[in-house]
Amino acid sequence: MSSVAVTLEGVKVRFENMVLTFDCTVEAGEIVSVAGASGSGKTTLFNVIAGFEAPERGVVRVFGEEMAGRPPAERPVSMIFQENNLFAHLDVATNVGFGISPSLRLRSADRKRIDEALERVGLAGFGRRLPPTLSGGERQRVALARALVRHRPLLLLDEPFAALDPGMRAEMRELLADLHREEDNTILVITHHPEDLSKLSDSVLFLDKGHIVAHDSLDRFLKRRDIAAINRFLGNE
Amino acid sequence: MIARENRLTIAAGGFSLGGILLFVGLAAAAMLAQGGGDGLFDAYLWRVTRFTLLQASLSTGLSILFAIPVARALARQATFPGRVWMLRLMALPLGVPALVAALGLIEVWGRQGDLNRLLAATGLAEPISIYGLFGILLAHVFFNMPLAARLMLAGLERIPAEYWRTSANLGMGSLAIFRFIEWPAIRGLLPGIAGLVFMLCATSFTLVLTLGGGPAASTIEVAIYQALRFDFDPPRAIALAGLQIVLTGTLLLMLKFVAPPPEEGETSGKAVQRFDGRSRLSRLADRIWLVLALFFVGMPFVAIVTSGMQADLSRLVRESAFHQALATSALVALPSAMISVTIAALMIRTQRLLLAPMIPARRRHRMPARLFAGAIGASTSLVLLAPPVVLGAGWFLLLRPFGDVARFAPFVVIAINALMALPFVHRVLAPAMASHAARTERLAASLGIGGFHRLRWIDWPPLRKPLFMALSFALALSLGDLGAIALFGSQDLATLPWLLYSRMGSYRTADAAGLALILGTICLILTILGTAGEQRSPEGPRT
């Protein structure tokens, strides 16, 4: 496996009133925080990597492979959104089961894997529950369990903790870090909170007005004072 | 695999769109081909047009004038017992077929009705006749006053609660509150409400047919029907149909640019705390308006039920004519409702696929995709431009050269009814499908769930309810329709409304009353099933 997880070369996405360009290289095995003001293009960056948005030009490589024309499900990527990660009318085990087979053909070994994954995220015995009966944190953990059974080497998390209270955020951060150590995967996580960033990440991608303006190791990023948008984000005045 | 599936869906959506355009286009082509000459815009046409506009204007004005105090009374008296039932009563007229309501109105306001009996008792010599302009206005106000009042009430209930506290704090009187708070809220809604009501009244067919009484009080649509079924004067029918399309087209354009569509919003008895309307005088005034509205809207329903019960129902339901009509109605309404729902669902999904950013190809031919999506959006309201009677007239003329029109009649009626229901089905389905897609489409795509599995696990369970609601609503519309069947109906193709109309025409009033009760009940239940759905929160309460 290549030691580079994601490469974006001259990627350009055009919207009606904005043009976004992305160039970056993400090392395999890192946890990378993606930060920037709302509307700076964080979600679009994820959509390009995950295959929800086709760039007008440029090359997207994930683990060395060119992604152009590959549908979202066939990329080595799992994605977790801020909300609506679960099909609300299907129970927890079924929702996790989609991570093993999109047509829900599950053998008994698969059911065991589902149970183990749920146990791993601290939701043993929740298999028959429906998503609306769970708390926001529990629903996000189910989504993590599905990512676990799906086993994709790149995990994209789009503000996964945004709807959670501070105590739960800390718990989820720890769980995520543990899973990262066990799975040895690469994680990109969009966050608005400097605390998530400093406690979780190895490096930081910072976006401003549709461009990646900084990509530094955590220590270097926290010391930067040269970009106004970063100062605003970190609260340095 | 998923790309192929998307292409299939888009193809099916395009096929549906093509079908609609072809159906409407052929009707239009038939009329153009046999087109009327120049000298057709004679005095008769002019008179019919003038009457159409006159009755629609008067109906709209009266409905709104009546609706304002009723809406205000309902908004101001937010807690009286039975308020919920009053609101439900106000929703009732839209649930019964126009023909059934017309019968109820005749029972109350007709020559033998309660009103004239009352007038006779007070010694008035000349009874009031319901047939003519008076009856048309009555029926239109019966249908549209409650609609307007509900839309206004929704507007009044959207006023922020702070306004009422502030006005109470400032000591504003009832008049000042109306002038500075209530009237501005209502005034903003008036163009939309008036436009909607005017449109409904200008294209009203059944009510004018049953209550109009002769050429003096005939609208364009009824004149088309008479030109085809009685005078057999195709050129005149064509001229009238052209006139109708110009008229509705102008109205639709005006509505689009002048008046935003009114929003229904919540009217389900949500109690807003208000501090005005507590004085004895305002309570009395509100009570008077509410009682008036209660009797005006409620009495025809009471009449339908009581005279329907007096009919020999047990004999009626054993009659073979009734069985045949019921079967015919089912055979027409079921396919047309299913076609309507299928087409609407396919087209909504196609529109979403075309506009969604998930197809890389989109960026290459963006313009055609947008045009296609726009055409789909417009097609669902195409039938508003060409009302059922106009469409029917076109097909009547198109099929005549191929022999007996009756042979094709069922198919044409099914198609017209399906088209007629399309805007309403679209309104039920589109928001449900949009929020479902927003919740699931990226997730399903990222997990690779497609085809049959997607339908079975992801789409069907949450969309089952809105689909059935739309189906139920479409069934009610098709079952109660007299527009298309009036042109194509015969002994061999007699639906329930057709049977009811012919019983009314042959003065078998007891039978008619019984049939009206049965038809009204069926349609009302279907409408309630079709509109009662509440949107649930997708993932439960946000924590």
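Everything quoted here is computed from the prediction, not taken from an experiment. (Residues numbered from 1 in each chain as written. Chains lettered and ligands numbered in written order. Predicted model: local features only at pLDDT ≥ 70, side-chain atom pairs only at ≥ 80, totals over all residues. Heavy atoms only, no water.)

What follows is about a nonpolar patch on the surface. Taken together, the side chains of B:Leu253, B:Met254, B:Phe257 and B:Val258 define a hydrophobic patch exposed on the protein surface, amounting to about 470 Å² of accessible area. Looking at where B:Met254 falls in the secondary structure, it is placed in helix H11 (residues 234–258). (Patch = residues over 30% accessible without salt bridge, like charges linked within 9 Å, V, L, I, M, F, W, Y side chains within 5 Å. Areas by Shrake-Rupley, 256 points an atom, 1.4 Å probe, with all protein chains shown as cover. Salt bridge = Lys/Arg side-chain N within 4 Å of Asp/Glu carboxyl O. Helix = DSSP H or I, 4+ residues; strand = E, 2+ residues; numbered from the N terminus.)

In this section: the environment of B:Gly451. Residue and element names in this part refer to chain B. Structurally, the position occupied by Gly-451 is in helix H19 (residues 451–480). In this structure Gly-451 comes out as partly exposed when scored by relative accessible area, which is 26%. Between the C-alpha atom of Gly-451 and that of Glu-5, which follows or precedes it by 446 residues, the distance is 6.6 Å. (Buried < 20%, exposed > 50% of the residue type's maximum accessible area, 1.4 Å probe, protein only.)

All names here are of chain B. When cut into domains, chain B gives domain 1 (1–33 + 311–543) and domain 2 (37–310). A separation of 26 Å is found between the C-alpha centroids of domain 1 and domain 2. At the junction of the two partners, domain 1 supplies 35 residues and domain 2 supplies 35 residues. Buried surface at the junction of domain 1 and domain 2, both sides included, amounts to about 3000 Å², of which 79% is carbon and sulfur. Those elements that provide at least two residues to the side of domain 1 that touches domain 2 are helix H16 (382–385), helix H17 (388–399), helix H20 (483–488), helix H21 (496–505) and helix H22 (509–531). For the side of domain 1 that touches domain 2, the element with the most residues is H22, which contributes ten residues. Taken together, the residues of the side of domain 1 that touches domain 2 break down into 27 nonpolar, six polar and two charged. (Domains from an automatic or database assignment. Contact = heavy atoms within 4.5 Å. Buried area = accessible area lost by both parts, 1.4 Å probe. Nonpolar A, V, L, I, M, F, W, Y, C, P; charged D, E, K, R; others polar.)

Moving on: the interface of chain A and chain B. The figure often quoted for interface size is the accessible area lost as the parts come together. Listed by partner, the interface residues are 34 residues for chain A and 27 residues for chain B. For the pairing of chain A and chain B, the buried interface totals around 2800 Å² over both sides, and the portion due to carbon and sulfur atoms is 56%. Joining chain A to chain B, the criterion identifies four residue pairs in polar contact (both at pLDDT 80 or more). Breaking the side of chain A that touches chain B down by element, the ones donating at least two residues are strand S1 (4–15) and helix H4 (136–150) of chain A. (Polar contact = N/O pair within 3.5 Å; in protein donor to acceptor, adjacent residues only side chain to side chain.)

Let's shift gears to the environment of B:Phe66. For B:Phe66, the location among the structural elements is in helix H2 (residues 43–76). A sequence separation of eleven residues divides B:Phe66 from B:Gln55, and the C-alpha atoms of the two residues are 16 Å apart.

On to the packing of aromatic side chains. Residues and elements named next belong to chain A. Counting across every chain of the model gives 18 aromatic pairs over all chains. Here the aromatic rings of Phe-87 and Phe-98 are separated by 5.6 Å at their centres, their planes lie at 70 degrees, and the arrangement is edge-to-face. Of this pair, Phe-87 sits in the loop between strand S6 (77–80) and helix H2 (92–97) while Phe-98 sits in the loop between H2 and helix H3 (108–120); the two residues are eleven residues apart in sequence, bridging distant segments of the chain. Of the two residues examined, Phe-87 and Phe-98, each falls in the buried class. An angle of 65 degrees between the planes, with centres 5.6 Å apart, marks the rings of Phe-206 and Phe-233 as edge-to-face. Within this pair, whereas Phe-206 is found in strand S9 (residues 203–208), its partner Phe-233 is found in helix H8 (residues 228–234), the two being separated by 27 residues in sequence. The class for Phe-206 is buried, based on a relative accessible area of 1%. (Phe/Tyr/Trp six-rings, centres within 6.5 Å; stacked < 30°, edge-to-face > 60°.)

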